[in-house]
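Each chain, letter by letter, is given below.
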Amino acid sequence: MCAEIHGVQYLIFGLQTQILVIQHFMQIAQCQGRMFVIFLFLCIQTALCAACNVTIISRDDWGARAPNDHDHLHTPVTVALIHHTDRDHCTTKAACIQELQDMQNFHMNNQSHSDIMYNFMIGEDGNVYEGRGWNTVGGHMPYWNIVSLGIAVMGNFQRGPPNSAALGALQGLLACLVENHKLTPDYKLYGHRDVGHTNCPGNSFYDVIKTWSHYDTGKPVLPTKTPTRS
Ligand SMILES: *[C@@H]1O[C@H](CO)[C@@H](O)[C@H](O)[C@H]1NC(C)=O
């Protein structure tokens with residue numbers, strides 16, 4: 001004879017503008033005198049199961065257009081690929097939102113991308129902005145799109161690195177991606193120039209990320225096996 005007790009708890013976190021609801025099902029099954037406790041976590045909303053120490057502005061909140069197409073990204077991926085946008089800098093949320101809308105229009109209208117190219121963008125206002133986001137293949141680097149998350153800081157950082165607000169937001173986002181199993185804990189960090197013929201992410205920014213612990217000094221090897229766990 002097995003007795004079962006079901007309990008449901010709802011935890012609600014106010015995460016800046018985003019409401020995160022975690023349904024937590026606890027099941028205690030008593031089977032032949034032995035007790036089993038089973039926890040099932042189901043995250044509703046886009047992807048955030050663990051709260052992060054960084055402000056992430058959703059697509060809705062910056063007025064993103066709907067994408068024309070969408071391919072599922074199998075996560076966790078093993079590579080974070082860092083870019084600069086090589087466009088305008090922005091230091092206020094309002095200016096960053098304007099720049100994001102202009103950039104999305106340029107990527108979609110002029111460059112025939114299905115959406116803004118990057119998974120996430122970061123402004124020198126210290127905010128992270130959701131691009132294609134957590135679970136969608138990016139359009140930032142052929143071959144690498146399906147095995148990486150593409151993160152761009154807005155501006156050109158050839159002669160001068162991003163400000164500390166943007167660098168702090170980038171580090172917060174990387175930790176958040178690991179925490180939420182979107183990046184593997186031993187992920188490799190590369191600059192765009194490590195895998196393509198480009199100045200991106202700019203000399204000064206590149207000099208900064210090269211000092212970070214996940215930066216991989218070896219020759220980048222395109223991961224051949226896409227992780228299947230989502
Ligand atoms: C993008 O395309 C629009 C419409 O064809 C055009 O007016 C605009 O100048 C283009 N923008 C750039 C930056 O090339």
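Please refer to the structure placed before this passage.
Just so we're clear, the structure is a prediction, and the values are computed from it rather than from any experiment. (Residues numbered from 1 in each chain as written. Predicted model: local features only at pLDDT ≥ 70, side-chain atom pairs only at ≥ 80, totals over all residues.)

Student: Please give an account of the overall build of the protein that cites residues and values.
Tutor: A count of helical and extended segments in the protein gives 5 helices and 9 strands. When the helices and strands of the protein are placed in sequence order, the string is β-β-β-β-α-β-α-β-β-β-α-β-α-α. For the protein, the proportion of its 230 residues judged to be buried stands at 35%. (Helix = DSSP H or I, 4+ residues; strand = E, 2+ residues; numbered from the N terminus. Buried ≥ 20, exposed ≤ 12 C-beta atoms within 10 Å, placed from the backbone.)

Student: A description of helix α2 (residues 93–110) should follow, citing residues and the corresponding values.
Tutor: In this model α2 runs 25 Å from its N-terminal to its C-terminal C-alpha over 18 residues, within 8% of the 26 Å that 1.5 Å per residue would give. C96, I97, E99, L100, M103 and Q104 are the residues of α2 that are buried. Taken around the axis of α2, the buried residues stretch over an arc of 165°, which confines them to a single face. Turned more than 90 degrees away from the buried face of α2, the exposed residues are A94, D102, N105, N109 and N110. In this structure, the buried side of α2 is in contact with α1 (59–62), β6 (120–122) and β7 (128–130). Just downstream of α2 lies S112, where phi reads positive at about 60°. (Expected span 1.5 Å × (residues − 1). Arc of directions from axis to C-beta. Contact = placed C-beta atoms within 7 Å.)

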